[in-house]
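# Coordinate inspection notes
Next come the chains, spelled out residue by residue.
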Amino acid sequence: MMSAVSVMSINNRPRRDYSPYLLKITSLPIETVLEDIRDFKSDASFAITELKQPHQKVYLGKLVEGGIYPIILEHLKRCEDETFADVLGEERVGHDEFIESPLVWVVFLANSLNYLQDRDISIEIAENIDPLFKCIRDDMTRELFGEQKFWYETYPTFLAMVPNLVTKSRETMDILLQKQKLLDMIIQPLFWQMYRPDIMTDQLAVKYFSPHMFTAPMHTLYYIVARICNQINDEGQQTHNIPERLNKDEMKQLSEIGYKAIVSEAYDPKCDITFMAGLLDLIKLHDPTSKQIWYYMLNEMGTSGCVDNRVINRAVCHGSKSTLDHIDATKLPHVLFVLLHKVPPGDKLLPPLPDDARYAVAIDAGLLQMSMDMILRFESLYDNDLYRRFLSIIEGANSIAFHPKTQKAIARVDKAELRRILSKPQLHSLGRRNELCDKIFGTIAFFSKDIAPSQGPKPNFGGVLETVCSSCSKELDKDAIKRCGQCKKRIYCSRECQANDWKNGHKKECKLMLQQDADTDVTGHANSGILGSEKKKLKLQKQTVQVLAAAKEMFIESTPVVLLHANLNDWDILDCVVDINFCVSPPSFEMKLAADFLDNFTKQSIHDNLKRYIEETRADGALTINVMFNPATGQPGDKEASFLNVQIDMPGSCMKQGSWPAAQKSMLETMKEDDPDWQGPGHIFAGFAPGKSLMDRWVSPRDAM
């Protein structure tokens, strides 16, 4: 609720002293006052704007019952087609007995809404104020009753009146939101100082506008957003209920607000700056209280999906500015998380999922550098919750690091800039926070490495991967490839995989893929396009190549740890599974006994297939490696990651041993040489720290495959 508007301060002092009339007004017959209002008498018109004492409010209620609102609204209805002199009558113009501006009527509406908490009055005004809205929203002509002066002096009072209308009830708010361009009239004045010099440099603006007038639209927008999000009840009080997923209509309403242009179409028809993007400009300009309101709106509207590249760019760039304060430091990480994640559709309260395109834009804008810089600058302000939020942002990037857009963005990261930030001496005094930084950027550093083409199977750019099974994604030797006899595009490691793929959808796709080849023109371009399901499979297969290459690199670097871990636990290395998980930050690398690994899979078919594969791998004398990752083709709401079971050739440092068991035995002998006091497997596993000489002798060359 806004405070009452003073007609004295807005319109200068009236030429007549109306205080005697105000003192006696409650003793006058209702009809006398109404007739004076109808006849444009200045004493009565000014006096009714000041009926704020308890006994005066009672009298105001009687004026309402007598029909004062229809009289005022009828006067205002003429603002669009007539001049004020025409409405007033030529004989009244210039006489101090009569009003000289329509402002007094708008002041009365604003103040009476404030003095009388009457829902029906607000609905009556909302339903009958269209002509005033039409004049006020025209910020090019800028005329009310045919004069620019009346438009300029009335606009601040109009802005003060709107929140008094909106906050009365949900019904009143809905009536107002249905009015054409009401939101424009509330949003666009907030940006006049930056984008509308034609309005703000006018001498009338200098006379009638003040910085405080823009507080009203800010509170109006806050109330509308909070009401849509069900965080304010019918009494206008803030609720403390657990927030529920918004329905489609509520999401649509928030999107409409977020996508509003910050200047009118008549002024700039090509303006592509949305209210969401413009909020970052407002955050830079306003006081702490206002900044918190703008951050709140960014957060809530971001969940509705009204996020574009400009919003993400501005948010990241804002976080990189040296002028940030503690409010930015506490609010911006939460907003960034919302902007970079999509809420899955549906009624279930599924967690938001990282979005490939959004993360790519943010990383290109400097998300990684900005995150580290904020941690350094505001180290003393951060609590565990905010550190977790930053960690969630980077883990989101990690979980989709193999998705095409994010992967390319990470590859473009300025590594020298990251190293410069990581080398800052402040990091060494951050303790636990230093560990967090290492964890976050260790992950990014891993994913930003350039993967040599020789370290993974090469994709056929016609869409077929020549060395990956189309069913189980097992890497194949060229001599072991078996193709689908019809389309010649699907390749398999066995008849069983071919049969499984046939049952899982290739039966329907095979003929369509043949038809696609028939529809391909002589230039090699498909006329009808690739099928949607086929596109997804090809996208997933391409991602699989990258996952396998990264897994191989990670495994080769960790070979000494694998052998060491097996010896310390007294495990036969061929009974183990190396579990590499790219769904967490940083990627996890664990050694597990095959039996313990299989216990994690409760679905019988998956359990049996994995068990069979592990037995086959063991029979071949190979080490089983399981790789988990988030597929780029996953649907919103998917909870299960994809996993690959792969065989990786022994690294060069192990090849001289001839086999994995022999390499394990050689490592055991090396461990005894390195630590003469070592008493056997498992004895001091928890605190064991391998010596430098041990690790140096077992580091594998990167190119030894």
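All figures in this text were calculated on a predicted structure; none of them were measured in a lab.

In terms of helices and strands, the chain carries 36 helices and 8 strands. Pairs at least 24 residues apart make up 70% of the contacts formed inside the chain by residues separated by at least 6 positions. A total of about 33300 Å² of accessible surface is found on the chain, and carbon and sulfur atoms cover 50% of it.

Another point: the packing of helix H19 (residues 275–285) against helix H21 (residues 309–319). In the contact formed by H19 and H21, the axes pass within 8 Å of each other and the chain directions differ by 20°. Of the possible angle classes, the one that applies to H19 and H21 is roughly parallel. As H19 packs across H21, the resulting crossing turns out to be left-handed. For the pair formed by H19 and H21, the contact residues are Met276, Ala277, Gly278, Leu280, Asp281, Ile283 and Lys284 on the first element and Arg310, Val311, Arg314, Ala315 and His318 on the second. Across the contact of H19 with H21, the residue classes tally to 6 nonpolar, 2 polar and 4 charged.

Now for the side chain of Glu153. Tracing the backbone through its elements, the reader meets Glu153 in helix H11 (residues 148–166). Comment: no salt bridge for buried Glu153; closest opposite-charge side chain is Lys149, at 4.9 Å. In this structure the side chain of Glu153 is engaged in a polar contact, spanning 2.2 Å, whose partner is the side chain of Ser101.

Below, the discussion takes up the state of the cysteines. On inspection of all chains with the given rule, the structure shows 0 disulfides. Cys135 takes part in no disulfide bond, and the closest cysteine sulfur, belonging to Cys79, lies 3.6 Å away. Its sulfur unpaired, Cys497 is 3.5 Å from the next cysteine sulfur, which belongs to Cys493.

This brings us to the side chain of Thr172. As for its placement among the helices and strands, Thr172 is situated in helix H12 (residues 170–177). Owing to a relative accessible area of 0%, Thr172 belongs among the buried residues under this scheme. Contacts of Thr172, omitting those with residues within four sequence positions, involve Arg119, Ser122, Ile123, Ala126 and Leu165.

Attention shifts here to the pattern of salt bridges. Inspection of the entire model under this criterion finds 25 salt bridges. With a shortest N-O distance of 2.4 Å, Lys179 and Asp130 are connected by a salt bridge. Of this pair, Lys179 sits in the loop between H12 and helix H13 (182–187) while Asp130 is found in helix H10 (residues 130–137), placing the two residues 49 residues apart along the sequence. A salt bridge links Lys260 to Asp184; the nearest nitrogen and oxygen atoms lie 3.6 Å apart. Taken together, the positions of Lys260 in the loop between helix H18 (248–258) and H19 and Asp184 in helix H13 put the pair 76 residues apart, joining distant regions of the chain. A relative accessible area of 23% means that Lys260 is categorised as partly exposed. What you see here is one network of salt bridges that share partners, running through Asp139, Arg142, Arg196 and Asp198.

Glancing now at the packing of helix H20 (residues 288–303) against helix H22 (residues 326–340). Put simply, H20 and H22 touch, their axes get as near as 9 Å, and they point 10° apart. In terms of axis orientation, H20 runs roughly parallel to H22. Contacts between H20 and H22 involve Pro288, Lys291, Gln292, Tyr295, Leu298, Asn299, Gly302 and Thr303 from the first element and Ile327, Asp328, Lys331, Leu332, His334, Val335, Val338 and Leu339 from the second. Tallied by class, the residues present in the contact of H20 with H22 amount to 8 nonpolar, 5 polar and 3 charged.

Now for helix H33 (residues 604–619). For H33, which comprises 16 residues, the first-to-last C-alpha distance of 22 Å matches the rise-based estimate of 22 Å (1.5 Å per residue) to within 8%. Turning to H33, its buried residues number three or more, namely His607, Leu610, Tyr613, Ile614 and Thr617. Down the axis of H33, the buried side of the element spans an arc of 135°, and every buried residue falls inside it. Of the residues trailing H33, Gly621 is marked for its positive phi of about 75°.

This part covers the nonpolar core. Residues Trp105, Leu109, Met161, Phe209, Phe275 and Met297 are the most contacted members of the largest nonpolar core, which totals 144 residues. With 10 residues, H11 is the largest single contributor of residues to this core. Leaving out residues up to four positions away in the same chain, Trp105 has contacts with Phe40, Ile72, His75, Leu76, Phe84, Val87, Ile99 and Phe145. Ranked by size, the runner-up nonpolar core spans 27 residues in total, among them Val562, Val578, Leu623 and Met671.

The rules behind each value
Residues numbered from 1 in each chain as written. Predicted model: local features only at pLDDT ≥ 70, side-chain atom pairs only at ≥ 80, totals over all residues. Heavy atoms only, no water. Helix = DSSP H or I, 4+ residues; strand = E, 2+ residues; numbered from the N terminus. Contact = heavy atoms within 4.5 Å. Areas by Shrake-Rupley, 256 points an atom, 1.4 Å probe, with all protein chains shown as cover. Axes fitted to C-alpha atoms, helices over the stretch in contact; angles between N-to-C directions. Parallel < 35°, antiparallel > 145°, perpendicular 65-115°, else oblique. Left-handed = near helix turned anticlockwise from the far one by under 90°. Nonpolar A, V, L, I, M, F, W, Y, C, P; charged D, E, K, R; others polar. Buried < 20%, exposed > 50% of the residue type's maximum accessible area, 1.4 Å probe, protein only. Lys, Arg positive; Asp, Glu negative; His and termini not counted. Salt bridge = Lys/Arg side-chain N within 4 Å of Asp/Glu carboxyl O. Polar contact = N/O pair within 3.5 Å; in protein donor to acceptor, adjacent residues only side chain to side chain. Disulfide = S-S within 2.5 Å. Expected span 1.5 Å × (residues − 1). Arc of directions from axis to C-beta. Core = buried A, V, L, I, M, F, W, Y, C linked by side-chain atoms within 4.5 Å.

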